Amino acid sequence: MPASRFTARVRGTVDLVRAKSRVSVLQMVKTGIAAVLAWLLTSLLSAPEPPIFAVIAAIIVVQPSVNQSFAKAIERSFGVVLGVVIAMLLGLAFPEQNWVILVAVVAALLVAWLLRLSSVTSNQVPISAMLVLALGAASVEYSFERIIETVIGAAIAFVVNALVVPPVPLAQARSSITELAEETARGFDRLADAAVGAKRAEHPELLLIEARLLRPMLERASEHVTAAEEGLDLNPRARRYRKRIDAMRETLRALSVITNPLIGMTRAFHDHFDDELTREPMMVEIAVEMRRIAHDIRMKFVTPHEAESGEAADTKPLLTTPLVMQAPSGTHWILIGSLLEDLRRVHEVVEAGQVDWEGRP
């Protein structure tokens, strides 16, 4: 195998187990605190066996948001209870038999499948059944203690996660929306240059590629806003951030209505482009309108200190002059009509109003 291919495979394997970014220090500290408290408290309340179930529950239940922590606590507790019950029944039916562990795992998987449990709970059921049979006698008393131990560990982790609430990821959502808005404005500027054949105009093929990149940017921004929304669930500081995140969601909806016509306009320009198109008088008017749209997108959707264009500092909207139609020549009227209709749709959104990032009424 060539060295380059081997290196690529090694890197690919490493990427499977490594995250793009580290878990926050706060998340790591909360997990450690929950695990230690679960061990200490459960050791005082339960039998002398090491409280492994409590520690495992604490580690799993601590999540980035309180809502996710609550969901993990429910999934973990239910999976443990079901797994312990299965192990107890099989252990009582076939005492002191090592092969019963394998039977318990298979039975737990079958029961989880029949009950249509989630993937997390389905994995927890056989693991709990196996641990109960491997670590201790499958008696009613022992099984009941493991259930209580798990519930205590999950409850401690949930309380720790609720008391030490991580900051709502507003900055990441705000940054991704701003980047999307700025790139959308650049897309209109680039298409305006191409419409009049400016020297700095890019090839229609490159224009289309860059316009299509707006879709993954829109998806990434939506994921960041969704993460911020999830961070508010069961969060005691939810009221403080709700208006801001609602404003971001509305901004993202408006940008999606703008980016989709831009992609369509770029595709139409790419498909119908010829050397005579840039000489059409209407293309000059359309280019002027596109630059006005780019200006107003920066003004309304990009914060002034993040805007790269000097125009963004001008707070006066430009989409106020009516567009005067001229009859195009040849078959260019199909493309020009399509561009004008998309411009009309974009106008309705851009002129809707100023964006308030702070979510003030």
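Please read all numbers here as calculations on a predicted model, not as lab measurements.

Undergrad: Please give an account of the overall build of the chain that cites residues and values.
TA: In terms of helices and strands, the chain carries 13 helices and zero strands. In the chain, the succession of α and β elements from N to C terminus is α-α-α-α-α-α-α-α-α-α-α-α-α. Buried residues in the chain amount to 44% of all 361 residues. For the chain, the proportion of contacts with a sequence separation of at least 24, taken over those separated by at least 6, is 80%. A total of about 19,700 Å² of accessible surface is found on the chain, and carbon and sulfur atoms cover 62% of it.

Undergrad: Can you explain unusual backbone geometry? Please cite residues and give values.
TA: With glycine set apart, most residues show a phi of negative sign, and most peptide bonds adopt trans. We note that R116 has phi near 55 degrees; this positive angle belongs to a residue other than glycine. Within the secondary structure layout, R116 lies in the loop between α5 (100-114) and α6 (119-135). Looking at R116, the relative accessible area reads 76%, which means it is exposed.

Undergrad: Just give me the short version of the side chain of R249, but keep the residues and values in it.
TA: You can see R249 is positioned in helix α11 (residues 238-272). In terms of polar contacts, R249 uses its side chain to reach the side chain of T226, at 3.1 Å.

Undergrad: With reference to specific residues and values, describe the nonpolar core.
TA: Ranked by size, the top nonpolar core spans 50 residues in total, and within it F188, I258, M283, I286, M290 and I297 carry the most contacts. Residue assignment for this core shows that the elements contributing at least two residues are α8 (170-195), α9 (204-212), α10 (214-230), α11, α12 (281-301) and α13 (332-350). By residue number, the principal contributor to this core is α11, which donates twelve residues. With near-sequence residues (within four places) excluded, I258 lies in contact with T184, F188, I297, F301, V346, V349 and V350. Of all hydrophobic cores here, the second largest spans 16 residues; its members include V80, A104, L133 and I147.

Undergrad: Explain the packing of α8 against α10 to me, and be specific about the residues and the numbers.
TA: Where α8 contacts α10, the two axes come as close as 8 Å, and the packing angle between them is 160 degrees. In terms of orientation, α8 and α10 fall into the roughly antiparallel class. The handedness of the crossing between α8 and α10 is left-handed. In this structure, α8 contributes Q172, A173, S176, I177, E179, L180, E183 and T184 to the contact, and α10 contributes L214, M217, L218, R220, A221, H224 and V225. Grouping the constituent residues of the contact of α8 with α10 by class yields eight nonpolar, four polar and three charged.

Undergrad: Could you give an account of the pattern of salt bridges, naming the residues involved and the relevant values?
TA: Per the counting criterion, the structure on display carries ten salt bridges. Note that E183 is salt-bridged to R186, the shortest N-O span being 2.7 Å. One end of the pair is E183 and the other is R186, both in helix α8 and three residues apart, which spans about a single turn. E183 sits in the buried class, given a relative accessible area of 16%.

Undergrad: Tell me about the UniProt feature "transmembrane region" (unreviewed entry) in the chain, and name the residues and values.
TA: UniProt's entry tags residues 77-94, 100-118, 125-144 and 150-170 with the feature "transmembrane region" (unreviewed entry), counted in the numbering of this structure. Across residues 77-94, helical content stands at 94% and strand content at 0%; the span's end C-alpha atoms are separated by 26 Å. The distance separating the terminal C-alpha atoms of residues 100-118 is 25 Å; by composition the span is 79% helix and 0% strand.

Reading the values: the criteria
- Residues numbered from 1 in each chain as written.
- Predicted model: local features only at pLDDT ≥ 70, side-chain atom pairs only at ≥ 80, totals over all residues.
- Heavy atoms only, no water.
- Helix = DSSP H or I, 4+ residues; strand = E, 2+ residues; numbered from the N terminus.
- Buried < 20%, exposed > 50% of the residue type's maximum accessible area, 1.4 Å probe, protein only.
- Contact = heavy atoms within 4.5 Å.
- Areas by Shrake-Rupley, 256 points an atom, 1.4 Å probe, with all protein chains shown as cover.
- Polar contact = N/O pair within 3.5 Å; in protein donor to acceptor, adjacent residues only side chain to side chain.
- Core = buried A, V, L, I, M, F, W, Y, C linked by side-chain atoms within 4.5 Å.
- Axes fitted to C-alpha atoms, helices over the stretch in contact; angles between N-to-C directions.
- Parallel < 35°, antiparallel > 145°, perpendicular 65-115°, else oblique.
- Left-handed = near helix turned anticlockwise from the far one by under 90°.
- Nonpolar A, V, L, I, M, F, W, Y, C, P; charged D, E, K, R; others polar.
- Salt bridge = Lys/Arg side-chain N within 4 Å of Asp/Glu carboxyl O.
- UniProt positions renumbered as here; feature names shortened; annotations may be inferred.

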